[in-house]
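Observations on chain architecture
In case you want the letters, here they are:
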Amino acid sequence: MARARFWERLALVRALARMPTWVRLVLSIGSIVLGAVIVIRPTTALDVLALLLGGGMVLTGVLSATGRVDEGEGRWRTALVVGWIVLGVFVLAWPGLTVRAVAIITGVLLLVNGAAGVGTALLKGRGWDDRIADAAFGATGLIFGVLALVWPDITLLVVAVVFGGSLIIRGIVDLWSTAVRRRQRLSEQRGEPEASVPKRRWGRAAMAIVSVTATVVFALVTAPLREGSTVVDEFYAAPRSIPHEPGRLIRAEPFTRDVPNNAVAWRILYTTTGVDGKVRTASGLVVVPEGGEPGQRWPVIDWNHSTTGYAEHCAPSLQARPFWAGGLYPIKKVLKEGWAIVATDYIGLGTPGPHPYLFGAPSAYASLDAVRAAREIDEAQLSSSTVIWGHSQGGAAALWSAALARSYAPEVWVRGVAAFAPASDSTALVDHVGDVQGGLIFASYAFAAYSEIYPDITYPRYIRPGMQPVLRAMSERCLTDPSMALSVLAVLGTSADPDLFSTNPAYGPLGTRLRENSSPTGLGPPLFLGQGGSDSIVPQTMQDGYVKRVCADGQRIEYHRYAGYEHAQVMETYSPMIADAIAWTHARFDGESANADCSITDTPR
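This report concerns the structure included in the present document. Here the residue index of a chain counts from 1 through its sequence in written order. Totals for whole chains, interfaces and linings use all residues, but because this is a predicted model, local features are given only for residues with pLDDT of at least 70 and pairs of side-chain atoms are given and counted only at 80 or more. Calculation of side-chain values draws on the structure's entire complement of heavy atoms; hydrogens and water are dropped beforehand.

By definition, disulfides here are pairs of cysteine sulfur atoms that lie within 2.5 Å. The final tally for this structure, using the stated rule, is two disulfides. Here C314 connects covalently by a disulfide to C478, the sulfurs 2.0 Å from one another. Between C314 and C478, the disulfide has an S-S torsion of -90 degrees and is therefore left-handed. A residue pair is termed long-range when its members are at least 10 positions apart, and C314 in the loop between β4 (298–304) and α10 (322–325) and C478 in the loop between α17 (468–474) and α18 (484–493) qualify at 164 residues. When a residue's accessible area, from a 1.4 Å probe over protein chains only, is under 20% of the maximum for its type it is buried; when over 50% it is exposed; and in between it is partly exposed. On the basis of relative accessibility, which here comes to 0%, the residue C314 falls in the buried class. Of the residues examined, C478 reaches a relative accessible area of 0% and is grouped as buried. Between C551 and C598 runs a disulfide, and the two sulfur atoms are separated by 1.7 Å. The way it works is that DSSP assigns letters per residue, a run of H or I at least four long becomes a helix, a run of E at least two long becomes a strand, and they are numbered from the N terminus.

Let's shift gears to a nonpolar patch on the surface. Patch members must show over 30% relative accessible area and no salt bridge, and they are joined within 9 Å when carrying like charges or within 5 Å when they are nonpolar side chains of Val, Leu, Ile, Met, Phe, Trp or Tyr. In this description, accessible areas are obtained by the Shrake-Rupley approach with a 1.4 Å probe, and a residue is regarded as covered only by the protein chains that are shown. Here a salt bridge means any side-chain nitrogen of Lys or Arg lying within 4 Å of a carboxyl oxygen belonging to Asp or Glu. Residues I29, V33 and V37 make up a contiguous nonpolar surface patch of about 240 Å² in total accessible area. What makes V37 partly exposed here is its relative accessible area of 37%.

Where burial is concerned, most of strand β8 (residues 527–532) is hidden: six out of the six residues are buried. Burial of the side chains of β8 extends over both faces: L527, L529 and Q531 are buried on one face and F528, G530 and G532 on the other. By this definition, two strands are paired if DSSP reports at least two bridges between them. Taken together, the four bridges between strand β7 (residues 413–420) and β8 define a ladder with parallel strand orientation. Among the inter-strand pairings, F420 is bridged to a residue of β8, identified as G530. Summarising the sheet, β8 and strand β9 (residues 557–562) pair through six bridges and their orientation is parallel. From the neighbouring strand, L529 faces β9, where its bridge partner is Y559. The handedness of a crossover follows from its direction of travel: if, with the strands pointing away from the viewer, the path from the first strand over the helix to the second runs clockwise, the crossover is right-handed. In this region the chain leaves β8, passes through helix α20 (residues 540–552) and returns to the parallel neighbour β9; the handedness of that crossover is right-handed.

Next comes the structure, spelled out in structure tokens:
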């Protein structure tokens, strides 16, 4: 009884507990509505979402004070009420609080609330209906709390759904409890027997069981989203001693995963030059047609893959479908032409990073050094004759490779370069990231790279506070990871609040570095550039501007535009660009002269 009196002694809690029934009903309905708003629109502007969560915490505390208090509940029930209200007011008073802090506060409160519910189920003198209901609701709170804390990558987005769901459940339960208590009072006033009351009270237990079941199902279904799709193995770990010069093979081993029939492949680890000018390691794949004539040398397609991610485990050579992951869909057609493929993973994918995503020179070095290292595999029988191919991120890498080949790797005979939808203008891409489909994901990779490599480029300096944890988390997911679904959710979530930058990325150190890494215009070798007319990632208008600068610089170029084709679609085997690129590459290997001018060809859908 002393503990129950403690509950009654607290003025705030006493006042809340004695509120009229109609007020409790209004608050319960408000909890359901607020929870539904948060669940349906978890992607509201992040600062507004924090305010909604703060209001939800206060409401939860108020509703917690209105329930029945049994013996043994007083102290912790009072603590929970005060905790919810105080922390809710704290979040409301400091809306600029970091989203991670709000996520932690919410998760901890849900855990404590859940533990208290489980504890209540163990108190003496309670009926089985109350025990089951309290245990189930407590388990629901514990699961919600764990989800809120183990999903730090999505922060408020996941916490909003979790907490919004708990508000809905809280409101429904309080509506039911209020209705049951009202019926009890009416039954007592009419002198009805007590036996009919427990039947109605079992409804709360049924709702609790439904809620915990739904929560468990949600946790199990979403569990795979937290798992990465690949793991870096020991092949990618460099030995203590590696060659001191770039372009040297460290190790090679046979590779069979997703390799086409009538082809032989190896994965390789080799040396290259990093952003800092020091010798680094990179990995890649080498694929050659099977059954060459003695002494035959395969012409080389130096393939530069499209974006796969920023994290170390995002290397194409680690993926279940390595060539598909990197955008080389027509690999069978390339091998059928009698050409070998040397495909770099770039630095930091497979090997220790950071990965210089959208960095020109180190990407080119990794590409050219892969060809040099692959030639040390005698069984591959590679020719010195090389045409560089690349798509998207790899398209920019291909352009840089062609521009630097003569000075960096003169032994690689570059006959031409084919760039497909290349990310040729880094500044324009980053500056218009909000207009690009999925641009936030690519921006997360780019900013992770630039901030890791350049100390004067920081998240606080350029990225809005609410977007910082979202962007950091995105950068750790590969495009092929199951958890990429969370990045897609975040992209959809921020569509109503698309501003990423707090400072214009075109200014300051970020703008300087982006301009430094935009693709060069004077390449030397002939250039084939293919661009989809409906590209929503690298817009045709941006590519047109780059081609205009290339032409003004006197570069030999064939610019092909394919109406109706999307960014990745131009690389599909049915795309007319593939046939055009193969024919153009044949002409380069055959020694035919390339057009000496700047030509533009439009291909209708």
